[in-house]
Amino acid sequence: MSCNVGGIDRVLRIIVGIVLIGLAATAKIGWWGYIGVVPLATGLIGWCPAYLPFGIKTCKTK
């Protein structure tokens with residue numbers, strides 16, 4: 001499992017995840033806001049399984 005999410009992509013995923021979870025927790029949006037766990041987790045670990053079939057990498061290669 002190599003890194004395929006990097007830089008700005010990671011930061012945006014973390015921010016979107018936190019915002020969605022926060023909005024769901026405060027009942028501003030429905031329970032579906034807890035889907036924010038997915039971008040938050042992929043941003044934190046730096047790996048996105050949805051990128052694999054398409055061969056996408058947003059991180060710098062070594």
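In the block above lies the structure referred to throughout.
What you see is a predicted model; the values in this text were computed from it and never measured.

Trainee: Give a description of the overall build of the protein chain that names residues and reports values.
Mentor: When helices and strands are tallied, the protein chain shows two helices and zero strands. Dimensions of the protein chain, computed from C-alpha atoms along their principal axes, come out at roughly 45 × 20 × 15 Å. For the protein chain, buried positions account for 31% of its 62 residues. Counting contacts in the protein chain only where the partners sit at least 6 residues apart, residues at least 24 apart contribute 63% of the total. Of the roughly 4400 Å² of accessible surface on the protein chain, 74% is carried by carbon and sulfur atoms.

Trainee: Residue-level account of a nonpolar patch on the surface, with values.
Mentor: Taken together, the side chains of Trp31, Trp32, Tyr34, Ile35 and Val38 present a nonpolar region at the surface, about 640 Å² in accessible area. Mapped onto the fold, Ile35 is located in the loop between α1 (8–25) and α2 (37–45).

Trainee: Tell me about the packing of α1 against α2, residues and numbers included.
Mentor: The geometry of α1 relative to α2 is characterised by a closest axis approach of 7 Å and an angle of 150 degrees between their N-to-C directions. The crossing of α1 and α2 is left-handed. Contact residues: Arg10, Arg13, Ile14, Gly17, Ile18 and Ile21 in α1; Val37, Pro39, Leu40, Thr42, Gly43, Leu44 and Ile45 in α2. Grouping the amino acids of the contact of α1 with α2 by side-chain chemistry returns eight nonpolar, three polar and two charged.

Trainee: How would you sum up the environment of Ala25? Please name residues and give values.
Mentor: By the element assignment, Ala25 lies in helix α1. Looking at Ala25, the relative accessible area reads 54%, which means it is exposed.

So, how was this worked out
- Residues numbered from 1 in each chain as written.
- Predicted model: local features only at pLDDT ≥ 70, side-chain atom pairs only at ≥ 80, totals over all residues.
- Heavy atoms only, no water.
- Helix = DSSP H or I, 4+ residues; strand = E, 2+ residues; numbered from the N terminus.
- Buried < 20%, exposed > 50% of the residue type's maximum accessible area, 1.4 Å probe, protein only.
- Contact = heavy atoms within 4.5 Å.
- Areas by Shrake-Rupley, 256 points an atom, 1.4 Å probe, with all protein chains shown as cover.
- Patch = residues over 30% accessible without salt bridge, like charges linked within 9 Å, V, L, I, M, F, W, Y side chains within 5 Å.
- Salt bridge = Lys/Arg side-chain N within 4 Å of Asp/Glu carboxyl O.
- Axes fitted to C-alpha atoms, helices over the stretch in contact; angles between N-to-C directions.
- Left-handed = near helix turned anticlockwise from the far one by under 90°.
- Nonpolar A, V, L, I, M, F, W, Y, C, P; charged D, E, K, R; others polar.

Honestly, it's all geometry; don't read function into it.
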